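# Observations on the model geometry
For reference, the chains in residue letters:
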Amino acid sequence: MLTLIVIFNSVWLCAQHNYKSSFRVGLKLGYSFHTLTGDLTNSYAVGDLLAGFWFQLKMNKKWTAQTELLLLDKGIGDSQFRMKSPHQVNLHYFEIPILFQYHSKNMYFEFGPGLGYLINREEHLNGNVSPDLVNEYPFSNSELSFNIGFGFLLNEKWALGLRLSHSLLPVREAVPSVSKTSYNRLFALSLTRQLKKKKTSNPQE
């Protein structure tokens with residue numbers, strides 16, 4: 001968490017020094033499909049809603065830096081018959097991505113790290129609400145991920161984006177003789193709405 005704060009503060013100071021930037025804030029709503037590697041059984045990807053807000057800082061004419069606070073789910077299971085899946089994992093996260101975005105006309109490309117904090121989890125294995133292995137091999141309380149994606153500006157206030165997120169560090173170590181190391185993988189489609197925009201003059205223009 002401290003690392004992400006330092007990254008964004010450095011970007012903020014650099015932008016303020018080199019370019020009198022504007023900033024934007026807004027809301028985000030989307031739908032994601034996610035899986036968990038190292039599964040204990042043959043399970044399915046699951047889909048869930050995500051929601052949050054974002055803060056974007058203009059660095060220059062082509063680049064922006066954006067941080068977000070998202071509430072989302074990750075894990076595995078059958079999205080239609082969730083409880084009938086042989087192994088179902090639902091991980092609830094608060095996630096803070098720090099993204100660098102390159103803009104070209106009405107498109108943008110983005111990449112950057114993200115930090116997730118696990119606020120709740122549910123796991124069901126072969127009908128057992130709390131399998132014994134969960135206590136001995138718990139999920140990590142935090143997740144470090146990498147994000148990459150692109151989007152389209154629909155107009156001055158609305159944008160549509162696609163993003164792929166993958167854990168950089170395991171979210172659970174391998175269970176001996178049962179599974180492999182577990183990583184989260186998420187693909188999200190989202191719609192964003194700008195709420196406020198503040199402009200400051202650029203003395204270089």
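For the structure itself, consult the block above.
Bear in mind the structure is a predicted one, so any value in this text is a computation, not a measurement.

What follows covers the overall build of the protein chain. For the protein chain, the helix and strand inventory stands at two helices and eight strands. Traced from its N-terminal end to its C-terminal end, the protein chain shows the element sequence α-β-β-β-β-β-α-β-β-β. By the burial criterion, 43% of the 205 residues in the protein chain qualify as buried. Intrachain contacts of the protein chain at a sequence separation of at least 6 include 67% that bridge at least 24 residues. Of the roughly 11300 Å² that the protein chain leaves accessible, carbon and sulfur atoms contribute 61%.

We now examine the packing of aromatic side chains. Across all of its chains, the model carries six aromatic pairs by this definition. For the ring pair Tyr 31 and Phe 33, a centre distance of 5.3 Å and an interplane angle of 75° mean the geometry is edge-to-face. An angle of 35° between the planes, with centres 6.1 Å apart, marks the rings of Phe 100 and Phe 111 as tilted. Of the two residues, Phe 100 sits in strand E4 (residues 87–104) while Phe 111 sits in strand E5 (residues 107–125), which places them 11 residues apart along the sequence. Among the residues examined, Phe 100 registers a relative accessible area of 18% and is labelled buried. With a relative accessible area of 35%, Phe 111 lands in the partly exposed category. An aromatic cluster of at least three residues, connected via ring pairs, comprises Trp 63, Phe 100, Tyr 102 and Phe 111.

Here the focus is the pattern of salt bridges. Under the counting rule described, the total for this entry stands at five salt bridges. Here Glu 68 ties to Lys 28 by a salt bridge, and the two come within 3.0 Å at their closest N and O atoms. A residue pair is termed long-range when its members are at least 10 positions apart, and Glu 68 in strand E3 (residues 63–76) and Lys 28 in strand E1 (residues 23–36) qualify at 40 residues. Just as Glu 68 is buried, Lys 28 falls in that class too. The residue Lys 74 makes a salt bridge to Glu 95 at a minimum N-O spacing of 2.9 Å. A residue pair is termed long-range when its members are at least 10 positions apart, and Lys 74 in strand E3 and Glu 95 in strand E4 qualify at 21 residues. Using a relative accessible area of 1% as the deciding quantity, one classes Lys 74 as buried. Salt bridges sharing partners connect three or more residues here, namely Lys 28, Glu 68, Glu 110 and Arg 163.

Within the secondary structure, His 103 is located in strand E4. Along the sequence, His 103 and Gly 151 sit 48 residues apart, while their C-alpha atoms lie 9.5 Å from each other. Apart from the residues lying within four places of it in its own chain, the contact partners of His 103 are Lys 62, Thr 64 and Tyr 108. Within polar-contact distance, the side chain of His 103 engages the side chain of Thr 64 at 2.8 Å.

Next up on the list: unusual backbone geometry. With a phi close to 55°, Lys 105 is a non-glycine residue in the positive phi region. Secondary-structure assignment places Lys 105 in the loop between E4 and E5. Residue classification places Lys 105 among the exposed residues on the basis of a relative accessible area of 80%.

What follows covers the side chain of Glu 68. The class of Glu 68 is buried, set by a relative accessible area of 3%. Within the structure, the side chain of Glu 68 is placed 2.9 Å from the side chain of Arg 163, a separation counted as a polar contact. Setting aside chain neighbours within four positions, we find Glu 68 in contact with Lys 28, Phe 53, Trp 54, Glu 95, Ile 96, Pro 97, Leu 99 and Arg 163.

Let us look at the nonpolar core. Side chains of a nonpolar character, in soluble globular proteins, are inclined to be buried together. Core analysis: the largest hydrophobic core is formed by 13 residues, its most contacted members being Leu 36, Val 89, Leu 91, Tyr 93 and Phe 139. Among the elements of the structure, E3, E4 and strand E8 (184–198) are those that each provide at least two residues to this core. For Tyr 93, the residues in contact, after removing those within four places along its chain, are Leu 70, Leu 71, Leu 72, Lys 74, Gly 116, Tyr 117, Leu 118, Ile 119, Glu 143, Val 171 and Asn 184.

Rules behind the numbers
Residues numbered from 1 in each chain as written. Predicted model: local features only at pLDDT ≥ 70, side-chain atom pairs only at ≥ 80, totals over all residues. Heavy atoms only, no water. Helix = DSSP H or I, 4+ residues; strand = E, 2+ residues; numbered from the N terminus. Buried < 20%, exposed > 50% of the residue type's maximum accessible area, 1.4 Å probe, protein only. Contact = heavy atoms within 4.5 Å. Areas by Shrake-Rupley, 256 points an atom, 1.4 Å probe, with all protein chains shown as cover. Phe/Tyr/Trp six-rings, centres within 6.5 Å; stacked < 30°, edge-to-face > 60°. Salt bridge = Lys/Arg side-chain N within 4 Å of Asp/Glu carboxyl O. Polar contact = N/O pair within 3.5 Å; in protein donor to acceptor, adjacent residues only side chain to side chain. Core = buried A, V, L, I, M, F, W, Y, C linked by side-chain atoms within 4.5 Å.

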